[in-house]
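One letter stands for each residue in the lines below.
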Amino acid sequence: MSDDYLWDKTGEPDPEIASLEQALSSLRHEGEWQDPAAATSAASPPASSREPAKVVPIAAARRPARRPLWLAAGGLALAASIALWLALAGSTPPDPPAARTDPTASSPEPLPASNAAPSTAVPSPPAPAQLACSADADGFPFEAAAPVQCAGSPARAGKLPPDTWLETPESTTATLRVADIGAITLHPGSRLRIVRTGPTEHRMELVRGSLHAKVKAPPRLFVIDTRAAAAVDLGCEYDLRIDDQGRTDLHVLTGAVSLEGKGRSAFAPQRTRVVADPERGPGLVLADTASFALQSAAARFESGALGALDALLRAATRTDSVTLWNLLPTGSKGVREKVIARIDQLALRARTIPRDRLLAGDPDTLEAFRTDLEDLWFVAPPPNTAPPPDEKPTDATPTDPTPKDRKRDAAPTDEKPTDRAPTDSRRDVAPTDSRRDVAPTDKKPTDGKPSLRRRSTDRDATW
Amino acid sequence: MIAALPEGLVIAVQVAHRPPVVRAPDRSKDDVAALVTSVQRGERAAFGGLYSRFHRAVHAVLLARVRAEDARDLVQDVFAQALEKIADLQDPAAFPGWILSMARNRAVDHLRRARPSSEAAEPAIDPPPRVEAMEALRALRALPEAYRETLIMRLVEGMTGPEIAERTGLTPESVRVNLHRGMKLLRAQLDPEGAPADEEAP
């Protein structure tokens, strides 16, 4: 253990301490002093301006009713005395409601690569639409069937330059061409801007609404920031939506997306969904075919109910390998141990993936394991689609579930999770490691598509 | 030019151009005492300085005892209470121990008023922290109090050992020992198999 690092953060960081620091930082207290008297004196403005997020701890802002009663009782008297005190002292009153806390506020500053929240943004001066969004402007071309707002002015078509907001009204969709790599469909009621664009990165920011992105580009060239996370394209097509609570809902249709934020990342391949919370970043990745039992257990697990892990694992089948894999990089050793046990029950781990290294969270081993699993995620037919009776999956292995099994796995079931485990294990436990011996991991896709495994890594750009 | 300036400003300029002092152990303590004195004299805005210096330490003390969700709320309560009573604080330099003691008492009051069942249940954190964070926090809370508070200040709040010493009033040596021993116990809590044989969790 590095005593220096533990003592004053100097010297070589102890990996375990650094890991604990990172995990626990989500509980760190943020906020500035809010004088109760000042807060009380501002009781008359609308709720949105009463407690600017800039100075109020988040939890407190969400539960103003939990403030001590004595504050409310003495509020008026304190307000009067403090107002008088402020006047005498020549102090300036508290800042007005901060536009920077508005998640829809525009920002002239490019977001850092690590994904900055719009709460740090400051309003940019409105630019004349005729100049900012004209066809001669340097930006991404857009068009819409009805006028949309570009730089605050109506426009049906034009070019969207960096740091300029494009907003769609509730009844209109706009399409935006992203350089030469793809297109975005901005759905009604959305707000989007280009953060920066260049040969190494096209970065955009969505602060409201939803979009559909279809991109054909090397991994990590195209990124969309939201308040909760950054959706890093790995060559794919996906839907991205911001819900009323500021959560980012990502649904990947083809290819893969890495959803990153708050020190976490989730690898979401095609036919999966992941939701990122503004406070804790991406959650668990769930296959489109995930059973209700799994979804329910995942939700409880993410909300801090550690006991839900067992239920989650019992509900997970081979088609949920993406959920299991995503638990490995972020989970603690105890969590990893249980997840690996379930992975082995389901015969998902090849002998070439050492258990001890997986348990230790070794990044290379995790990467290798993911590469193995990508055979299931990308090449196999959609897990929820049972092939015709006379058609066998092209990558079938001795332990692959039969079409009947697949259908049974995918269908929501009323049976209790505890009843599922024996069934699953009876079907899947089989010659666990021999599976990979029979089906080499370097087999090529048989559907003629380019190797999506390559597409999903940062090192290899196949597009 | 300098000669034409008021004497106080000349001194300030000279001080600003001094070479950096290698060690000024009591500076922060003096600053805190000065802030306390300012607040006691009626400079209410100075209380913000005390908050910025101590809110994390107060939060750590609370987090060591109550649910994370409640700890966040109680920080504001503790400081509001401190502002109300700061005129009664006889020794301004005693502020660190005074406000942390206030935080401990506030946590005890909170637990006393809370329904017993709610403390026994899984903590309903809002917003939910990372799962591994909750695991680590449970392990931290299982440590003896001295280690618990110190380690939460270090690992959760990101304070360094010297900062912890300043904010708690503990000696740097005590903080160092608490961190070192507490970390050993924490490792044992989190990974019983990997811990050395002689380091059992309490």
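Values in this document were obtained by computation on a predicted structure and should not be read as measured data. (Residues numbered from 1 in each chain as written. Chains lettered and ligands numbered in written order. Predicted model: local features only at pLDDT ≥ 70, side-chain atom pairs only at ≥ 80, totals over all residues. Heavy atoms only, no water.)

A. Summary view of the overall build of chain A. Looking only at helices and strands, chain A has 18 helices and 17 strands in total. Within chain A, the fraction of its 463 residues that count as buried is 50%. On chain A, roughly 20,900 Å² of surface is accessible, and the fraction owed to carbon and sulfur atoms is 55%. (Helix = DSSP H or I, 4+ residues; strand = E, 2+ residues; numbered from the N terminus. Buried < 20%, exposed > 50% of the residue type's maximum accessible area, 1.4 Å probe, protein only. Areas by Shrake-Rupley, 256 points an atom, 1.4 Å probe, with all protein chains shown as cover.)

B. Region of interest: the interface of chain A and chain B. With 57 residues of chain A in contact, the opposing surface of chain B contributes 57 residues. Among the residues of chain A in contact with chain B, Trp7(A), His29(A) and Trp33(A) are the three that bury the most area, contributing 18% of the side total. Our enumeration of links across chain A and chain B arrives at four salt bridges. With a shortest N-O distance of 3.0 Å, Arg187(B) and Asp14(A) are connected by a salt bridge. Residue assignment for the side of chain A that touches chain B shows that the elements contributing at least two residues are helix H1 (3–8), helix H2 (15–24), helix H3 (36–41), helix H5 (58–62), helix H7 (75–89), helix H9 (292–302) and helix H12 (333–345) of chain A. The element contributing the most residues to the side of chain A that touches chain B is H2(A), with seven residues. Looking at the side of chain A that touches chain B, its residues break down into 23 nonpolar, 12 polar and 22 charged. (Contact = heavy atoms within 4.5 Å. Buried area = accessible area lost by both parts, 1.4 Å probe. Salt bridge = Lys/Arg side-chain N within 4 Å of Asp/Glu carboxyl O. Nonpolar A, V, L, I, M, F, W, Y, C, P; charged D, E, K, R; others polar.)

C. Broad picture of the pairing of strand E5 (residues 182–186) of chain A. Residues and elements named next belong to chain A. Residues Gly 182, Ile 184 and Leu 186 of E5 are buried on one face, while the alternating residues Ala 183 and Thr 185, pointing to the opposite face, are not. By the bridge criterion, five bridges tie strand E4 (residues 174–178) to E5 in an arrangement that is antiparallel. Bridge pairing in E5 places Ala 174 opposite Leu 186. Joining the antiparallel neighbours E4 and E5 is a turn of three residues, in which Ala 179 adopts a positive phi near 45 degrees. Where E5 and strand E8 (residues 210–215) come together, five bridges link them in antiparallel fashion. Within the sheet, the bridge partner assigned to Leu 186 lies in E8 and is Leu 211. (Pairing = 2+ DSSP bridges.)

D. Focus on the pattern of salt bridges. All names here are of chain A. For the structure shown, the criterion picks out 26 salt bridges over all chains. In this structure, Asp 344 and Arg 349 form a salt bridge, with 2.8 Å as the shortest nitrogen-oxygen distance. Looking at Arg 349, the relative accessible area reads 10%, which means it is buried. Among the salt bridges present, the one from Arg 370 reaches Glu 367, with a minimum N-O distance of 3.4 Å. Of this pair, Arg 370 and Glu 367 both sit in helix H14 (residues 363–379), three residues apart, roughly one helical turn. Judged by its relative accessible area of 24%, Glu 367 is partly exposed. The structure contains a network of salt bridges with shared partners spanning Arg 196, Glu 201, Arg 203 and Asp 225.

E. Main features of unusual backbone geometry. Residue and element names in this part refer to chain A. A positive phi angle, close to 70 degrees, is found at Arg 220, a residue other than glycine. Mapped onto the fold, Arg 220 is located in the loop between E8 and strand E9 (222–225). If you check the backbone angles, Ala 347 has positive phi at about 60 degrees while not being a glycine. If you trace the backbone, Ala 347 turns up in the loop between H12 and helix H13 (355–359). A relative accessible area of 0% places Ala 347 in the buried class.

F. Seen up close, helix H3 (residues 47–63) of chain B. Residue and element names in this part refer to chain B. For H3, built from 17 residues, the straight-helix expectation of 24 Å at 1.5 Å per residue is met to within 8% by its first-to-last C-alpha distance of 22 Å. Helix geometry: H3 is bent most strongly at Phe 54, by close to 50 degrees. With 13 of 17 residues buried, H3 lies mostly within the body of the structure. (Expected span 1.5 Å × (residues − 1). Bend = angle between axes of the 7 residues up to and from the residue.)

G. View of the side chain of His59(B). Checked against the element boundaries, His59(B) lands in helix H3. Here the side chain of His59(B) touches Glu157(B) through a polar contact of 2.5 Å, side chain to side chain. His59(B) has contacts with Leu27(A), Arg28(A), His29(A), Ala71(B), Arg72(B), Val75(B) and Glu157(B), leaving out every residue within four places of it along the chain. (Polar contact = N/O pair within 3.5 Å; in protein donor to acceptor, adjacent residues only side chain to side chain.)

H. Examining the nonpolar core more closely. Ranked by size, the top nonpolar core spans 84 residues in total, and within it Met204(A), Phe222(A) and Tyr238(A) carry the most contacts. In this structure, Tyr238(A) is in contact with Leu211(A), His212(A), Ala213(A), Phe222(A), Ile224(A), Ala231(A), Asp233(A), Leu250(A), His251(A), Val252(A), Leu253(A) and Val257(A), ignoring residues within four places of it in sequence. The next biggest cluster of nonpolar side chains, apart from the first, holds 62 residues, and it includes Leu50(B), Leu74(B), Leu143(B) and Tyr147(B). (Core = buried A, V, L, I, M, F, W, Y, C linked by side-chain atoms within 4.5 Å.)

I. Looking closely at the environment of Leu62(B). Looking at where Leu62(B) falls in the secondary structure, it is placed in helix H3. Along the primary structure Leu62(B) and Val75(B) are separated by 13 residues, whereas in three dimensions their C-alpha atoms are 7.7 Å apart.

J. Broad picture of helix H11 (residues 321–330) of chain A. For H11(A), the buried fraction is high: nine of the 10 residues fall into the buried class. Among the residues of H11(A), Ser321(A), Val322(A), Thr323(A), Leu324(A), Trp325(A), Asn326(A), Leu327(A), Leu328(A) and Thr330(A) are the ones counted as buried.

K. Looking closely at the packing of H2(A) against helix H7 (residues 131–141) of chain B. Where H2(A) meets H7(B), the closest approach of the two axes is 8 Å, and the angle between their N-to-C directions is 110 degrees. Between H2(A) and H7(B), the crossing angle belongs to the class labelled roughly perpendicular. Packed against H2(A), whose contacting residues are Leu20(A), Ala23(A) and Leu24(A), the element H7(B) presents Glu132(B), Ala133(B), Ala136(B), Leu137(B) and Leu140(B) at the interface. Its residues placed into classes, the contact of H2(A) with H7(B) shows seven nonpolar, no polar and one charged. (Axes fitted to C-alpha atoms, helices over the stretch in contact; angles between N-to-C directions. Parallel < 35°, antiparallel > 145°, perpendicular 65-115°, else oblique.)

L. The arrangement of the pairing of strand E6 (residues 191–197) of chain A in detail. Residues and elements named next belong to chain A. Among the seven residues in E6, five count as buried, and that is most of the element. Note that strand E3 (residues 165–167) and E6 share three bridges and pair antiparallel. Residue pairing for E6: Trp 165 is matched across the bridge by Arg 193. Alignment of E6 against strand E7 (residues 202–208), held across six bridges, turns out to be antiparallel. Note that in E7 the partner of Arg 196 across the bridge is Arg 203. Following E6, the chain reverses through four residues before pairing antiparallel with E7.

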